[in-house]
Amino acid sequence: MTNVTVGRQVTGAIATHLPPCESATYKVVAMLNRRQFFGAFAASAALYSVCRAEAVVGGVPRNLDTWGQGLADLNRDLAAGRIPLTEWQNRMMALDSGIDLGDLRRYLDFDRLTAAMTFPDKLAQTADPKLPRTININGIERHWFIRFFGMRRGGAVIPHVHNNMVSAHLVIEGQFHARTFDREADMQDPVGDFVLLRPTLDAQLAPGQMITMSDDRDNGHWLVAEADRSFTFDVGVVALSKTRSYTLPANKYSMIFVDPTADAQDGYGLIRAPVVSFEDCAAKFAA
Ligand SMILES: [Fe+2]
C-alpha cells in the first residue's frame, strides 16, 4: 500500500500491484508515427498558423502562461540540479493539479495536433505541442520534451523502467489502467537479467489524473487505454546527471523493457521482472 497523488486529487492507500514519455516505447512509437504526423502537419501548417493566431487573439487564459512558465522553470531547476528528483515529481503534480483541461487543450492546440490519429494498432501515436514563444525556456541544460500520447482502447505504453530521467503523464482524454513500480534492484543472471519491482499503484486514471516517475520513485510504469482515443500529456527531462547508477544499461531512449506479470516473487513482495526486448514486450502487451 502506498499513498499516491494523482492529478487533481490525492488517493490515499491505493491497493498495489502495477511506462513517452516520453521512453523507449514512446520514442520508438514516435518514430513509427512521425511520417504520418509530418504528412498531416505539412498539410495543415498554414491552417495551424491561423488557428494559433486566432487562439491568441481570442484570449488564451493568462493562467496558462503562468502554468507554461512554471513548467519551464521547474525543468530548469531540475536540469541544473537545484531540486531533488522527487521534488520535481511533487511540483509537477502540483502544477497540473486543478488545471482546466479544456484550457490546456486549447493552449497546446491538442485537437488539431491529434485529429489525424487513427490508431491502426495498439501502439501509441504521438504529437509534440509547443509552448508559446513568450515562455522563457532558456538555460534548460538537459534535453526535455512535452508530448501527447494517444492510443485506442486496449492500446498500451508497454511496461518499462527508466535510467536517469523523469516524466509526468497527465490523462487528458479517455481513461487508462495505470500501474507503477519502484525499482528496487537490478539483477544480472546467466539465465536472463531481471529487475526487482515493488508495486506502487494499480488504478484507473481519468482525465485530470496523473502519474510521475523518476530514479527515486515509481521508476517503472505500464499504461493500458480503457477507452477509444485515450490521451496523456507528458513532460519529460532526460540525460539527468547520474543521481543513481544502474547495473543494467538502458537503450538510447533511457528505457529498459520488463515483464512485470511474471509469477516469480522474491518472498518479500517484490516482482522478479525479466528484462525483455522491445519486440517481445510489444508482442505480449500491445498485440
Ligand atoms: Fe516511460
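Note that the coordinates shown come from a computational prediction; the quantities given were computed from them, not determined experimentally. (Residues numbered from 1 in each chain as written. Predicted model: local features only at pLDDT ≥ 70, side-chain atom pairs only at ≥ 80, totals over all residues.)

(A) Region of the structure containing the overall build of the protein chain. Counting secondary structure elements, the protein chain contains six helices and 13 strands. In the protein chain, buried positions account for 44% of the 287 residues. (Helix = DSSP H or I, 4+ residues; strand = E, 2+ residues; numbered from the N terminus. Buried ≥ 20, exposed ≤ 12 C-beta atoms within 10 Å, placed from the backbone.)

(B) Spotlight on the sheet that holds strand 4 (residues 144–151). Taken in spatial order, the five strands line up as 3-4-11-6-9 in an open sheet, and their pairing is antiparallel. Taken across any chain shown, the strands that pair with only one partner, and hence form the sheet edges, are strand 3 (125–127) and strand 9 (210–213). Averaged over all pairs of adjacent strands, the angle between their axes in this sheet comes to 25 degrees, without regard to strand direction. In the sheet, strand 3 pairs with strand 4 via three bridges, with the strands oriented antiparallel. Note that in strand 4 the partner of Gln125 across the bridge is Gly150. (Pairing = 2+ DSSP bridges. Axes fitted to C-alpha atoms, helices over the stretch in contact; angles between N-to-C directions.)

(C) Representation of the environment of Trp88. As for its position among the elements, Trp88 is in helix 3 (residues 85–96). Note on Trp88: 24 C-beta atoms within 10 Å, which makes it buried. Along the chain, Trp88 and Leu78 lie ten residues apart, while their C-alpha atoms are 6.7 Å from each other.

(D) Seen up close, the pairing of strand 6 (residues 166–173). The buried count for strand 6 comes to eight of eight residues, which makes it a mostly enclosed element. In this sheet, strand 11 (residues 230–237) lies alongside strand 6 in antiparallel orientation, the contact comprising seven bridges. Bridge assignment links Ala168 to a residue of strand 11, and that residue is Val235. As paired strands, strand 6 and strand 9 are joined by four bridges and run antiparallel to one another. Bridging from a neighbouring strand, Ala168 pairs with Thr212 of strand 9.

(E) Just the confidence of the model for the protein chain, in detail. Considering every residue of the protein chain, the mean pLDDT works out to 81; 77% of them sit at 70 or more. Confidence drops under pLDDT 50 across residues 1–58; counting only partners more than four residues distant or on other chains, this segment forms 115 contacts. (pLDDT = per-residue confidence, 0-100. Contact = placed C-beta atoms within 7 Å.)

(F) Fine view of the sheet that holds strand 13 (residues 271–274). Taken together, six strands build an open sheet; the order of strands is 12-5-10-7-8-13 and the sheet is antiparallel. Edge positions in the sheet fall to strand 12 (255–257) and strand 13, since each of these pairs with one other strand and no more. Averaged over neighbouring strand pairs, the angle between their axes works out to 35 degrees when direction is ignored. As paired elements, strand 7 (residues 176–187) and strand 8 (residues 194–205) share eleven bridges and run antiparallel to each other. Opposite Arg183, over in strand 8, you have Leu197 as the bridge partner.

(G) Region of interest: helix 3. For helix 3, which comprises twelve residues, the first-to-last C-alpha distance of 17 Å matches the rise-based estimate of 16 Å (1.5 Å per residue) to within 8%. Every buried residue of helix 3 is listed here: Leu85, Trp88, Gln89, Met92, Met93 and Asp96. On an axial view of helix 3, the arc spanned by its buried residues comes to 130 degrees, and they lie on one face. Just past helix 3, the residue Gly98 takes up positive phi, approximately 80 degrees. (Expected span 1.5 Å × (residues − 1). Arc of directions from axis to C-beta.)

(H) Region of interest: the nonpolar core. Judged by nonpolar contacts, the single largest core of 65 residues is most densely connected at Ile158, Val166, Val237, Phe257 and Val258. Beyond its immediate chain neighbours, meaning those up to four positions away, Val237 contacts Asn75, Leu78, Ala79, Arg142, Trp144, Met165 and Val166. (Core = buried A, V, L, I, M, F, W, Y, C linked by C-beta atoms within 7 Å.)

(I) Just unusual backbone geometry, in detail. Although it is not a glycine, Asp109 sits at a positive phi angle of roughly 60 degrees. By the secondary structure assignment, Asp109 is in the loop between helix 4 (101–107) and helix 5 (110–114). In the Ramachandran plot, Ala239 falls in the positive-phi region, its phi being about 55 degrees despite a non-glycine side chain. With respect to the helices and strands, the residue Ala239 is situated in the loop between strand 11 and strand 12. Residue Ala239 is classed as partly exposed on the basis of its 14 C-beta neighbours within 10 Å.

(J) Fine view of the pairing of strand 10 (residues 220–225). Counting buried positions along strand 10 yields six of six residues, so the element is predominantly enclosed. Residues Gly220, Trp222 and Val224 point to one face of strand 10 and His221, Leu223 and Ala225 to the other, with burial holding for every one of them. Note: strand 5 (residues 156–162) against strand 10, four bridges, orientation antiparallel. Bridge assignment links Val157 to a residue of strand 10, and that residue is Leu223. As judged from the six bridges shared by strand 7 and strand 10, these two strands associate in the antiparallel manner. In the sheet register, Arg179 faces strand 10, and the bridge partner there is Trp222.

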